[in-house]
Amino acid sequence: MKKKVVILTGAGISAESGISTFRDSDGLWEQYRVEDVATPEGYRANPELVLDFYNQRRRQLAHVSPNEGHRQLVRLEEKYDVHIITQNVDNLHEQAGSTQVLHLHGELTKARSERDPNLIMEIGYNDINPGDLAPDGAQLRPHIVWFGEAVPNIEPAAALCEQADYFIVIGTSMNVYPAAGLIHYVPRAAQCYLVDPKAVAVQRSLTVIQEKAGTGVKKVVDQLMEA
Ligand code: APR
């Protein structure tokens, strides 16, 4: 029975691939108001603006690649049962070759019916435009969890954290709940790591690698491959 490694990632792991984080100095929330582009109210008020915001991010995703941080995590799968819980809506973990990825905040390459949240379809890197309809005749919207919306994958994510032998947090400011609360489901006996250039000590004993993912993740993976 392979030991279980559970990894929680945020925007920081994709930063070196060229995708802006949210709360760093050049972050996305410095350029846009969250209320305008990442809430149901914003979408209702100006659907074209919101569709365009995600169209721009989806087009960018077509031109970026995984970085060493994503790639190092794939190595772990030789020895461990690896589950990645990501807050990111990009598909860079999957592109790098990770096989068990759980998206908490949705996926850029998917769209869904405005009416039926379970009517989800792959759209790759294509735009969603007003008038693009789902099979149920409703307008298509990004398959993204906006602020104030339910996070359906939080239950399976918490269940994974409860079974972790190792827990690695990479590139998240731990600002957004319920994702940030997942650390509380991790058993005390689990060995925990944090990889972040601006790592802030969190409330439990963990090994902090105060580096970017591009170099820091390898250090954790090397340790786990030797364990
Ligand atoms: N390598 C590792 N970590 C990095 C790097 C890097 N190269 N660059 C920045 N970071 C770290 C920052 O220090 C910060 O702790 O990544 C984190 C980015 O934090 P945020 O921008 O808040 O991103 P995230 O934590 O993923 O945001 C959570 O907020 O807006 C919502 O839904 C959105 O999923 C997102 C959620």
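For the structure given in this document, a descriptive report is provided here. Quick caveat: nothing in here was measured; it's all calculated off a predicted structure.

Assigned secondary structure in the chain consists of 9 helices and 9 strands. Relative to the globule expectation of 17 Å for 227 residues, the C-alpha radius of gyration of the chain, 18 Å, shows essentially globular dimensions. Burial analysis of the chain (227 residues in total) assigns 52% to the buried set. When contacts within the chain are restricted to residue pairs at least 6 apart in sequence, those whose partners lie at least 24 apart make up 63%. Of the roughly 10700 Å² that the chain leaves accessible, carbon and sulfur atoms contribute 51%. In the chain, which carries 22 positive and 30 negative side-chain charges, the distance between the mean positions of the two groups comes to 5 Å.

All right, on to the pattern of salt bridges then. This model, assessed by the stated rule, comprises 11 salt bridges. Here Lys110 makes a salt bridge to Glu107, at a shortest N to O gap of 3.0 Å. With a shortest N-O distance of 2.9 Å, Glu149 and Arg141 are connected by a salt bridge. Three or more residues are tied together by salt bridges with common partners; here these are Arg33, Glu35 and Asp36.

Take the site of the ligand next. Around the ligand, the surrounding shell holds 22 residues, and the nearest of these are Phe22, Arg23, Thr172, Ser173 and Asp196. One of the side-chain N or O atoms of Glu16 is found 3.0 Å from a nitrogen atom in the ligand. Between the ligand and the protein, one listed contact pairs an oxygen atom with a side-chain N or O atom of Asp196 at 2.6 Å. With the chains in place, 93% of the 740 Å² that the ligand exposes on its own is no longer accessible.

Let us look at the sheet that holds strand 2 (residues 81-86). Read from one edge of the open sheet, 6 strands run 3-2-1-7-8-9, paired in parallel fashion. Strands at the two margins of the open sheet, each flanked by one partner only, are strand 3 (101-103) and strand 9 (207-209). Direction aside, the axes of adjacent strands within the sheet are offset by 15° on average. In this sheet, strand 3 lies alongside strand 2 in parallel orientation, the contact comprising 3 bridges. Across the sheet, the residue bridging to Thr86 is His103, located in strand 3. Against the sheet, helix 8 (residues 154-162) contacts strand 1 (4-9), strand 2, strand 3 and strand 7 (166-170), and its axis sits at roughly 140° relative to strand 2. Helix 9 (residues 213-226) rests against strand 1, strand 7, strand 8 (191-195) and strand 9 of the sheet, and its axis sits at about 165° to strand 8.

So, on to the packing of helix 6 (residues 68-75) against helix 9. Taken N-terminus to C-terminus, the directions of helix 6 and helix 9 make an angle of 10°; their axes are 8 Å apart at the nearest point. By the angle between their directions, the pair helix 6 and helix 9 is classed as roughly parallel. When helix 6 is examined against helix 9, the residues Glu68, Gly69, Gln72, Leu73 and Arg75 are found in contact with a partner set consisting of Ala213, Gly214, Val217, Lys218, Val221, Asp222 and Met225. Considered class by class, the residues forming the contact of helix 6 with helix 9 number 5 nonpolar, 3 polar and 4 charged.

Right, let's talk about the environment of Gln56 for a bit. Within the secondary structure, Gln56 sits in helix 5 (residues 47-61). Residue class for Gln56 comes out partly exposed when judged on its relative accessible area of 38%. The spacing of Gln56 and Tyr125 is 69 residues in sequence and 9.7 Å in space, taken between C-alpha atoms. Of the polar contacts made by the side chain of Gln56, one reaches the side chain of Asp52; its length is 2.8 Å.

What follows is about the nonpolar core. As a rule of thumb, nonpolar side chains are buried together in soluble globular proteins. Counting residues in each nonpolar core, the largest one holds 24 residues, and the members touching the most others are Val6, Leu8, Ile85, Leu104, Cys161, Phe167 and Leu182. Those elements that place two or more of their residues in this core are strand 1, helix 8, strand 7 and strand 8. It is helix 8 that provides the largest number of residues to this core, a total of 5 residues. In this structure, Leu104 is in contact with Leu8, Ile85, Thr86, Gln87, Val145, Val151, Asn153, Ile154, Ala157, Ala179 and Leu182, ignoring residues within four places of it in sequence. Residues Val37, Val50, Phe53 and Leu61 belong to the second largest nonpolar core, which totals 23 residues.

What follows concerns unusual backbone geometry. Glycine aside, a negative phi is what most residues show, and trans is what most peptide bonds show. Across the junction of Tyr177 and Pro178, the peptide omega takes the value 5°, indicating a cis bond. Mapped onto the secondary structure, Pro178 falls in the loop between strand 7 and strand 8. A positive phi angle, close to 55°, is found at Met174, a residue other than glycine.

Reading the values: rules and limits
- Residues numbered from 1 in each chain as written.
- Predicted model: local features only at pLDDT ≥ 70, side-chain atom pairs only at ≥ 80, totals over all residues.
- Heavy atoms only, no water.
- Helix = DSSP H or I, 4+ residues; strand = E, 2+ residues; numbered from the N terminus.
- Rg over C-alpha atoms; globule rule 2.2 N^0.38 Å.
- Buried < 20%, exposed > 50% of the residue type's maximum accessible area, 1.4 Å probe, protein only.
- Contact = heavy atoms within 4.5 Å.
- Areas by Shrake-Rupley, 256 points an atom, 1.4 Å probe, with all protein chains shown as cover.
- Lys, Arg positive; Asp, Glu negative; His and termini not counted.
- Charge placed at Lys NZ, Arg CZ, Asp CG, Glu CD.
- Salt bridge = Lys/Arg side-chain N within 4 Å of Asp/Glu carboxyl O.
- Near = heavy atom within 4 Å.
- Polar contact = N/O pair within 3.5 Å; in protein donor to acceptor, adjacent residues only side chain to side chain.
- Pairing = 2+ DSSP bridges.
- Axes fitted to C-alpha atoms, helices over the stretch in contact; angles between N-to-C directions.
- Parallel < 35°, antiparallel > 145°, perpendicular 65-115°, else oblique.
- Nonpolar A, V, L, I, M, F, W, Y, C, P; charged D, E, K, R; others polar.
- Core = buried A, V, L, I, M, F, W, Y, C linked by side-chain atoms within 4.5 Å.

So yeah, pure geometry; function would need other evidence.
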